[in-house]
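Architecture at a glance
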Amino acid sequence: MSTATDTTTPAVDTTPAASPEPEARSGPSRWVLVVAVVVGWVLLWLVVRGQDTLQLAGRERTDVMRWLGEFRDGVIASRDTNALVAFTGAVGEGIRTLFGELQQVFSLPAFPRPVPQIGWLGVVALATWAGTAVANLRIAVLVAVTFVSYGVLGYWEQGIDLLLVTGLSVAAVVVIGMPLAVAVGTSRRARAVITPVLDAMQTMPTFVYLLPVVLFFGIGVSSAIVCTLVYALPPLIRIGGYGISAVSTSAIEATDSTGQTSWQRLRKVQLPLARTTIVVGLNQSTMAALSMAIIASYVDGPGLGEPVLSALIRNDVGASLVPGLLIVLTAIMLDRATTAASERAELAARGRGLRGRARTVVLGVGGVVVLVCVYLSRTYLPLAAWPETSLGRDLADTLDSATDAVVGVLGGAGEALRNAISYGLLNPMQSLLAESPWWLAASALVLVSAALGGLRAVVPTVVFGTGILLLGLWHSTMLTLTMVLVATVLVMVIALVLGVWMARSRRVDLLLRPLLDAGQTIPAFCYLIPVLALFGFGRFAAIAAAIVYAAPAAIKLVADGVRAVPETTLEASRSTGTTSWQEITQVQLPMARGSLALAANQGLLYVLAMIVIGGLVGAQALGYDVVLGFSRSEEWGLGAAAGITIVLLGLMLDRVARAAADRTGGRVDARSRFTLPRRLSPTRT
Amino acid sequence: MTATDARPTPDATGRTGGAGLEVRDLWKIFGPKADRIIGTPDAELSRADLKAKTGCVVGVKDVSFDVAPGEVFVVMGLSGSGKSTLVRCLTRLIEPTHGTVRIGDDEVTSCSESQLRELRRHQVSMVFQHFGLLPHKQVIDNVAYGLEVRGMSKKERRAKAGEVVDLVGLSGYETSYPDQLSGGMQQRVGLARALAGDPSMLLFDEPFSALDPLIRRDMQNEVIRLHREVGKTMVFITHDLAEALKLGDRIMILRDGEVVQVGTPDEVVGAPADDYVADFTSDVPRSHVLTLKWVMRPPRPDDSSEGPVMSSSTIVREAAQAALASDHPVRVVDDGELVGIVDDDAILRVVVAEQAPPSARQGSGERR
């Protein structure tokens, strides 16, 4: 292992392979072709609209759905005979037991006690101490504030449960993910096997994991943890693996020459040198876990997602505001704590900051205080159970009236925007896509993808499109597709305007970037709340949420891409006397097309994930079918079919977008799509 | 072109802490199915032709040489000549495609993994061009790394590393981190790390190329001093001829992975094996390298017997003053026997005119 490092190529013949030129564009532009297809489509649509739309009548179910339903029944029935099902069932049971035990320690009354084993004072003290230990005193204060807010506002149990779900999942992510990250970082073969799996996992909308996981692990916390684990795994493997593989070869070679074993190399060289990157991966995984743990409230996962979800289902914005706010606070706490932990790791390695004896003393004294607090909270009831306060209700009322005031001011504008987009874009597109006969819509989609991405786009369109057709949810798919396309177009418009602006003005960048960072930290689910307040129940709320969710990433990608255009090129163009508009359209955007393609691709996937979740707030279509599958066991087949359809739709959109991007000359390579989280992304200063 | 005429250990202290090195028929070919090329007619192709035909690149081509215990053996060549690949093959940091390497009593090329680790831990250490220090460890722990890998206790290895830190002149910087040090000092850490394990052989891969000229000169003197003090066998890779001439007991010149010449510094300068070497050495101040052996003429019966007596291995520059001061020509005597005569003219030709033999002057392009 430690010997043959044949990767060192001799220092000869380093002529770089000529970079492939983008295909020469001849004939009419792609967009002319697309427009031609659409015009033809509209003309035919005028004649045949309303026929063969494959819309399912109320309770009508196809054979595929019935078959999926039977499959589910079979799985449930085979609990005692099928080893796999028995195993997953046992794992689910184990998770439920473990979680129950932890709840009794921290959040639920531990019979016969009227309160948990450790009362709130003890838990707050423990958490604050942990914040000091992994990060610093400022983080400790943030942790204390967050925990106290849970209690004071009346969401103690849900807040702690959410952290327990997130924490258990992240622990499992580390146990499972670190060995895989090491494999990805040290073995080319392992990377070749694991990377495509991660790609697929990250292309899939979060929502889709839920149904199969529930089937195998049972409803409730077991499924919540498994889903969260699966969703949070890829960032750590990817980023950690990248960090390990990026360790300087000269350090590895030099230490190999001392005769270290491969285990020593890993433990003493690769892991320490990759530590900062690994912790960034852990940060990303933690945020993903939090986001998914909230969505898992759809399958009765415990935590703060639950009150938000039930309020949203009742269309009661007021009741969702306080728990929504607490989720945001939790996200900020986890993000800052893991970031500070990575910085502390750096400082500690340098021997700076609070260290050695001083640190030991602070933590030791703190530990004693924690023990005292735990003891007190076990002894005195007021220190164990939060006193009833009206603070939570008061805050909810205040927020509710504030929201009403804001909606009162903005409502008119919101309504105007909604109507403009609904009547100008959404309705016409929806009638074209969904009211065309399936054969017309399908052929038109194939032609459009051919015009955009050539054969590489046609093949996935045909394959995945056929799959969608066979699953029997064509009409719903067209509705979802309409929303996805409209939202993506709007995201790209916003991303282009703001991204270019940020790239051209330092001040705008300084102003917007922190907001965008914060926007990427907040779990997706929370966006539904303000959007619902502003636009009301309906598909437009889902579109707006999707835009808010997808825009930060897209804006930053565009801004970074445009900023990366070399200053010398800009100077050269200015010296010829271009206007700002010409500079943007002739130089900056064409040279940043790789980033634009990446932004569109990312935007598309983010939008799809959110539109599906938005099925709940009136977006209907596929997302709603999935929710129906969760909530009624006799509709499981429908939900599963909708879930698979969403996956196929996502794959189709992703492949077409990538093929189109490649043709433009802007490659969307998988690594830049996923490895670079916001803190590693190349930002030029 | 194998050089078995290894000179005896030159260090005056007589300490021989070194092991010998024996390299036979060593090949390294990068690329798919590289091992099938050796022994076929393809192996005789030039590097470019082989690349075009098979996609493989020759790094080291049929190299054989010996290094005596305690000797400083310099491998030199331009970038791409395969010298860095060669030195990595010696401890199998790069796995050779073919051939044998023997260090002391161990045949490196047939070692098992664990034997190889033992060899790297105890016998051979290496110093790298880009230092290869661990940024998260203090200087003292970087130096002690090889000992740590062996499983030595922290106290013991730090004590031992402390001695070596003093030896390379880094006292006072034990608790610094590598990025707080200048390039020259970082390389001292690299040197100390290599010395800490008390190996019998040191390998240097262009250790001073990344340093500025003054620091480089200091470090070269440091290596000469250390060699005198510890007497290790050294294999030193460089692309700098002046460095090679200054440090090397013998020099091996590589081109495109092949050995062009092996010899002492004065042999390389005085009798270049081909135009490539001649071209290479044409800028060298010859009086600093050549010995009287290269300028003397056979004695004639009528030569004066009163001139100063010197040995044939005296460097011309060192002989010049005494020779010119005397009215009589220098008498070159080895082992009591008169082997040649050096006139003032011969000395002046080298010192003043720096006149190269005609063959060495052809195509005096600027190579370096």
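Residues numbered from 1 in each chain as written. Chains lettered and ligands numbered in written order. Predicted model: local features only at pLDDT ≥ 70, side-chain atom pairs only at ≥ 80, totals over all residues.

**Re the overall build of chain A**
- Within chain A one finds 27 helices and zero strands.
- Computed over C-alpha atoms, the radius of gyration of chain A comes to 27 Å, within 12% of the 26 Å expected from 2.2 N^0.38 for 685 residues, which places it in the range of a compact globule.
- With 685 residues in all, chain A has 48% of them scored as buried. (Helix = DSSP H or I, 4+ residues; strand = E, 2+ residues; numbered from the N terminus. Rg over C-alpha atoms; globule rule 2.2 N^0.38 Å. Buried ≥ 20, exposed ≤ 12 C-beta atoms within 10 Å, placed from the backbone.)

**What to know about the overall build of chain B**
- Counting its secondary structure elements, chain B contains 14 helices and 13 strands.
- Its C-alpha radius of gyration of 23 Å places chain B within 12% of the 21 Å reference for a compact globule of 368 residues.
- When its C-alpha atoms are laid out on the principal axes, chain B stretches across 70 × 55 × 35 Å.
- Here chain B holds 368 residues, and 48% of them are scored as buried.
- For chain B, restricting intrachain contacts to residue pairs at least 6 apart in sequence, the fraction spanning at least 24 positions comes to 68%. (Contact = placed C-beta atoms within 7 Å.)

**Thoughts on the environment of Glu435(A)**
Residue and element names in this part refer to chain A.
- Tracing the backbone through its elements, the reader meets Glu 435 in helix α15 (residues 391–435).
- On the neighbour-count criterion, Glu 435 (18 C-beta atoms within 10 Å) is partly exposed.
- For the pair Glu 435 and Gly 50, spaced 385 residues apart in sequence, the C-alpha separation works out to 5.0 Å.

**Description of the pairing of strand β7 (residues 201–205) of chain B**
Residues and elements named next belong to chain B.
- Across the five residues of β7, five count as buried, placing the element largely inside the fold.
- Both strand β6 (residues 124–127) and β7 contribute to a ladder of four bridges, which runs parallel. In the strand pairing of β7, Val 127 is matched with Phe 204.
- Direction of pairing for β7 relative to strand β8 (residues 233–238): parallel, over a ladder of five bridges. Across the sheet, residue Leu 202 finds its bridge partner in β8, namely Met 234. (Pairing = 2+ DSSP bridges.)

**Notes on helix α4 (residues 120–134) of chain A**
- Taking 1.5 Å per residue, 15 residues should reach 21 Å; α4(A) reaches 21 Å between its end C-alpha atoms and fits that length.
- Burial within α4(A) is extensive, with twelve of its 15 residues counted as buried. (Expected span 1.5 Å × (residues − 1).)

**Focus on the packing of helix α6 (residues 156–186) of chain A against helix α7 (residues 188–203) of chain A**
Residue and element names in this part refer to chain A.
- The contact between α6 and α7 brings their axes to 6 Å, and the two run at 120 degrees. In terms of axis orientation, α6 runs oblique to α7. Classified by chirality, the crossing of α7 by α6 is left-handed. Of α7, the residues touching α6 (which contributes Leu 180, Ala 183 and Val 184) are Ala 190, Arg 191 and Ile 194.
- By residue class, the composition of the contact of α6 with α7 is five nonpolar, no polar and one charged. (Axes fitted to C-alpha atoms, helices over the stretch in contact; angles between N-to-C directions. Parallel < 35°, antiparallel > 145°, perpendicular 65-115°, else oblique. Left-handed = near helix turned anticlockwise from the far one by under 90°. Nonpolar A, V, L, I, M, F, W, Y, C, P; charged D, E, K, R; others polar.)

**What to know about the nonpolar core**
- With 312 residues, the main nonpolar core has Ala487(A), Ala545(A), Ala546(A), Ala550(A), Ala554(A), Val607(A) and Met610(A) as its most contacted residues.
- A total of 19 residues in this core trace back to one element, the largest contributor, which is helix α21 (residues 539–563) of chain A. (Core = buried A, V, L, I, M, F, W, Y, C linked by C-beta atoms within 7 Å.)

**Here we look at the sheet that holds strand β11 (residues 309–310) of chain B**
All names here are of chain B.
- Pairing is mixed across the open sheet formed by three strands, whose spatial order is β11-β12-β13. Bordering the open sheet on either side are β11 and β13 (337–342), each of which pairs with just one other strand.
- Pairing of strand β12 (residues 330–334) with β13 involves five bridges; the strand directions are antiparallel. Bridged to Val 332 within β13 is Gly 340.

**Let's talk about the confidence of the model for chain A**
All names here are of chain A.
- Taken residue by residue, chain A gives an average pLDDT of 80. The fraction at 70 or more is 90%.
- Per-element mean pLDDT across chain A ranges from 44 in helix α27 (residues 670–674) up to 91 in α6.
- Long-range and interchain partners of residues 1–27, a stretch whose pLDDT sits below 50, account for 34 contacts in this model, where long-range means more than four residues apart.
- When the criterion is pLDDT under 50, residues 668–685 qualifies, and its contacts beyond four places in sequence or with other chains add up to 31 contacts. (pLDDT = per-residue confidence, 0-100.)

**A closer look at the sheet that holds β8(B)**
All names here are of chain B.
- Spatially, six strands are ordered β6-β7-β8-β3-β9-β10 in an open sheet, and the strand pairing comes out mixed. In the strand order of this sheet, the two ends are held by β6 and β10 (258–263), each with one partner. Neighbour-to-neighbour, the strand axes of this sheet turn through a mean angle of 15 degrees, independent of strand direction.
- Against the sheet, helix α2 (residues 83–90) makes contact with β3 (72–76), β7, β8 and β9 (250–255), and its axis sits at roughly 150 degrees relative to β8, the strand it touches most.

**A short note on the confidence of the model for chain B**
All names here are of chain B.
- Of all residues in chain B, 91% attain a pLDDT of 70 or more, and the chain-wide mean is 82.
- Mean pLDDT across the secondary structure elements of chain B bottoms out at helix α14 (residues 358–361), with 42, and peaks at β3, with 93.
- A low-confidence stretch, residues 1–16 (pLDDT under 50), is modelled with 30 contacts involving residues beyond four sequence positions or located in other chains.
- Of the regions scoring below 50 in pLDDT, residues 355–368 engages in 16 contacts with residues more than four places distant in sequence or in other chains.
- Scored by ipTM, the complex comes to 0.75, with pTM at 0.78.

**Some words on helix α17 (residues 455–471) of chain A**
Residue and element names in this part refer to chain A.
- For α17, which comprises 17 residues, the first-to-last C-alpha distance of 24 Å matches the rise-based estimate of 24 Å (1.5 Å per residue) to within 8%.
- Within α17, burial applies to Ala 457, Pro 460, Thr 461, Phe 464, Gly 465, Ile 468 and Leu 471. Looking straight down α17, one finds its buried side chains confined to an arc of 120 degrees; they lie on one side. Set apart from the buried face of α17 by more than 90 degrees, the exposed residues are Leu 455 and Thr 466.
- Immediately beyond the C-terminal end of α17, within one or two residues, lies Gly 472, with a positive phi of roughly 90 degrees. (Arc of directions from axis to C-beta.)

**Observations regarding the environment of Leu290(A)**
All names here are of chain A.
- Following the sequence through the fold, Leu 290 ends up in helix α11 (residues 262–295).
- Leu 290 gets classed as buried once you count the C-beta atoms within 10 Å, which come to 30.
- Placed 58 residues apart in sequence, Leu 290 and Ala 232 show a C-alpha to C-alpha distance of 8.7 Å.
- Excluding anything up to four places from it in sequence, Leu 290 contacts Thr 166, Thr 330, Ala 331, Leu 334 and Pro 523.

**Some details on unusual backbone geometry**
All names here are of chain B.
- Backbone geometry at Arg 92 places phi at a positive 60 degrees, although glycine is not the residue there.
- When you line up the elements, Arg 92 lands in the loop between α2 and β4 (98–103).
- Owing to 21 C-beta atoms within 10 Å, Arg 92 belongs among the buried residues under this scheme.
- The phi angle at Asp 256 is positive, at roughly 50 degrees, despite the residue not being glycine.
- Owing to 18 C-beta atoms within 10 Å, Asp 256 belongs among the partly exposed residues under this scheme.

**Comments concerning the packing of helix α22 (residues 567–575) of chain A against helix α23 (residues 580–591) of chain A**
All names here are of chain A.
- One can describe the packing of α22 onto α23 by two numbers: an axis separation of 11 Å at closest approach and a directional angle of 160 degrees. Taken as axis vectors, α22 and α23 run roughly antiparallel relative to one another. In this structure, the crossing between α22 and α23 has a hand that is right-handed. Of the residues in α23, those in contact with Thr 569, Leu 570, Ser 573 and Arg 574 of α22 are Glu 583, Val 587 and Met 591.
- Among the residues forming the contact of α22 with α23, the class breakdown is three nonpolar, two polar and two charged.

**Focus: the environment of Val322(A)**
Residues and elements named next belong to chain A.
- Position of Val 322 among the secondary structure elements: in helix α13 (residues 317–350).
- Placed 246 residues apart in sequence, Val 322 and Thr 568 show a C-alpha to C-alpha distance of 51 Å.
- Discounting residues that sit within four places of it in the chain, Val 322 has contacts with Leu 153, Gly 392, Leu 395, Ala 396 and Leu 399.

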